[in-house]
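Topology and contacts: notes
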Amino acid sequence: MLASGLLVVACHTPEPPIVPDAPPVLTAVTLLPAAPRVGAELLADVAVDAPADAALRFAATWTVDGQVVADDAGLSLTPSLRKGQQVGVTVRAWADGVATEPVTAVPVTVVNTPPVPIGAAVTPDPRAWLTPIVCTPQGANDADGDDVTWSMTWTVNGAPYTGPTADATWPGDTVPADQLREGQTWTCTATADDGEAATALDPVRTVVSVGVPAVTGRPVAGISFSCVLGDDLEIVCWGEDGEDRKASPPAGPFVRVYAGGQFACGLRSDDLRLDCWGDPSNGAVDAPDEVVVDAALGLDHGCALRPDGTIACWGHDDAGQAAPPPGVFRAVFAGYQHSCALDAMGVVTCWGAGFSDAVRRPEGVAFVQLAIGGDHACGLSGDGTVRCWGANVHGQASPPVYAGRYLAIGARVGGTCALRDDGVVDCWGDGDATVDVGATSLAMKLGLHACGRLPSGRLTCVRAIDDGRRGSFGEDRPPYERYVAFSAGRGLACGLDAQGRPSCIGASAEVDLPTGRFNSLAVGSDIACALRTADDRAVCWGSTGTTGVDAPPDEPLVEIEVGRDQACGLRLDRTPLCWGVYAMTPPDEPLHDLVGGDRYACGLGDDGAVVCWGRDDNRTRPPEGVYVELDGDVDHVCARRDDGSVTCWGVSGPPDDQAGPFTTISVAQGNACGLSTSGQLRCWGRNAFGIVAPPPSLPLVSLDGGGDRQCGLDAQGGVWCWGSMRRQPL
């Protein structure tokens, strides 16, 4: 019998054998940068095939020209290298203690390092065209130790310069003096070259200044005329002109102006040669044709200072006044019949007429300025005191005692004037006076008046004889002032300076000007009106009394316009009102840009349409259209559209329409002028007194005209007129 039961057999599945991680594989090593320079950091860039969680370690062996310079080092190294050396690296990698086979990178060669310029300079400073300019590099750093050479290139006013240069100051580069002119901008680019690479510096720029600095705004005075050099380097003269045209200077540019008895000279900015005009008697205008740096003019002779300090004279020499002594001087002065000069120590030397000890210099005194009269002279010392010598019949050599300092002196035949530090002008001798004009400069030459410049920039003149009153001396009105507003009519032109004070020229200008400050100036035929700043009420002056224009309404206005025998203004709500003999009833609507003439007026409405009123003729029948500016005169009106074109209407032959484009317009009797969008001035119509041929190159910003003249305001606030005033500034 078989026995039965259950047989249990226990089974165990064995775990798979542990297989170690595959060793990392270093697939590539690359040296960076591929073209290293001296001082560069080298990097071994590796590519390795290893588990993501493997703990990797690298070791590099660095070689230079086959010699080990670092072993078991990191993957970056900054070795001490020289140009041309070869750098290699061999890298191993470990992962979990298992090392890779070493991999060697392709070696790299150290390449040239370009030079690093330190800087460059243009000398001398300041740059003057009397001397050459030199571009001089200040050296360069070259990491390879290569020899560095330099090259320089120049541009003048932005254009490449291809003219001559000289290398006398090498490694600098020199532009000769005869290639330079005042106002030029020269640019030097210096480039360092080590034979393999070149590095250019940033350009070094310099503006060439003239060898003699321009003296603008300081008046000079002759016997019967005066002149001043404007900011535009053009000369303006006023006073007696005569047949010799001494008050009619030539066109510039100039850097200095000098006045003699009846002639004047300007020192040209382009070549530093004197250009003289006026009375040619005794060769007064025949200055030597040579470079000079300063000059002085006497009655009918002149002397000039050369760059080397020697003196050249010309003109009348009856007393030896045009025969200077040898020597080197720093300043020269001229009087009636003698001349003087100061040396570097301030010692004075004189020559010419020897009467009354006028040419005998005082001993032991150093001067900074001289004033030479007829037969006397005075010197201003550095401490502000004045000492005189020579004839003293009128007390001209006996200066007053002043506790402060004198700043400038001037002399005439029998008198002397000096500007005090408080702006007062003291005069002594023939016609002694003390005049408080608040001036900052003084000019006086043998004549009967002195002129100065005020702190505001205005010019003023004082009488140097009799009662010392301020005045215009007939035509001796100083013209070159700074204005913020101006207006011109048929017989009158007026301007307002920065303080709102009026000045006028013309046949009707010899009237009492109102005092106070004004704005919104308007001039009619020979009447001017302005709004008083304090209360905006109108004040009028000129040939009034019969026209009723001198009795404006007593209410504030925002704009004013003067016609022939009437004036109009805009109330605060811009509705117009008119007054005068031919006062007209204006429309009751807001207007702007008023114009007026012979018993008519016009304005622009808010919609740009022209609205006219007054006498019923073509003047008050404007064309339809939209306009942005109006201007008119006695007989006609012109209007400018927003595209700059101009249309005109009226009687007595108004100007033709013009396409322009213009940015502003001005209408005078039978003619009109406009400023184009490019800033050019163009006039057309009736050419009375050359009015359609304005003076060239005036940088005008606004226009106004009347009668047979047109006027313009320049960017510096100067007013210029042409036509019947022939370039006479206000």
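These numbers come from a predicted model, not from an experiment.

What about the state of the cysteines?
In total, this model carries twelve disulfides according to the counting rule given. Note that C227 is cross-linked by a disulfide to C237, the S-S spacing being 2.0 Å. Residues C227 and C237 are joined through a disulfide that is right-handed, its torsion about the S-S bond being 105 degrees. Within this pair, whereas C227 is found in strand β21 (residues 225-229), its partner C237 is found in strand β22 (residues 235-239), the two being separated by ten residues in sequence. With respect to class, C227 is no different from C237; both count as buried. The disulfide partner of C340 is C350, and the S-S distance across this bridge is 2.0 Å. The chirality of the disulfide connecting C340 with C350 is right-handed, given an S-S dihedral of about 100 degrees.

Notes on a negative patch on the surface
Where like charges cluster on the molecular surface, the negative patch consists of D573, D588, E589 and D607. With respect to the helices, strands and loops of the structure, D607 is situated in the loop between β52 (600-605) and β53 (610-614).

What about the pattern of salt bridges?
Considering all chains together, one arrives at 20 salt bridges under this definition. For the salt bridge of D289 with R273, the shortest nitrogen-to-oxygen distance reads 2.8 Å. Taken together, the residues D289 in the loop between β25 (274-278) and β26 (294-297) and R273 in the loop between β24 (263-268) and β25 connect sequence positions 16 residues apart. You can call R273 partly exposed: its relative accessible area is 27%. In this structure, R640 engages E629 in a salt bridge whose closest nitrogen and oxygen atoms are separated by 2.7 Å.

As for the environment of T199
Looking at where T199 falls in the secondary structure, it is placed in strand β18 (residues 198-200). Exposure remark for T199: the relative accessible area of 23% places this residue in the partly exposed category. Once residues lying within four places of it in the same chain are set aside, the contact partners of T199 are P114, P115, P117, A190, T191 and A192. Only 2.9 Å separates the side chain of T199 from the backbone oxygen of P115, close enough to count as a polar contact.

Cut-offs applied
Residues numbered from 1 in each chain as written. Predicted model: local features only at pLDDT ≥ 70, side-chain atom pairs only at ≥ 80, totals over all residues. Heavy atoms only, no water. Disulfide = S-S within 2.5 Å. Helix = DSSP H or I, 4+ residues; strand = E, 2+ residues; numbered from the N terminus. Buried < 20%, exposed > 50% of the residue type's maximum accessible area, 1.4 Å probe, protein only. Patch = residues over 30% accessible without salt bridge, like charges linked within 9 Å, V, L, I, M, F, W, Y side chains within 5 Å. Areas by Shrake-Rupley, 256 points an atom, 1.4 Å probe, with all protein chains shown as cover. Salt bridge = Lys/Arg side-chain N within 4 Å of Asp/Glu carboxyl O. Lys, Arg positive; Asp, Glu negative; His and termini not counted. Charge placed at Lys NZ, Arg CZ, Asp CG, Glu CD. Contact = heavy atoms within 4.5 Å. Polar contact = N/O pair within 3.5 Å; in protein donor to acceptor, adjacent residues only side chain to side chain.

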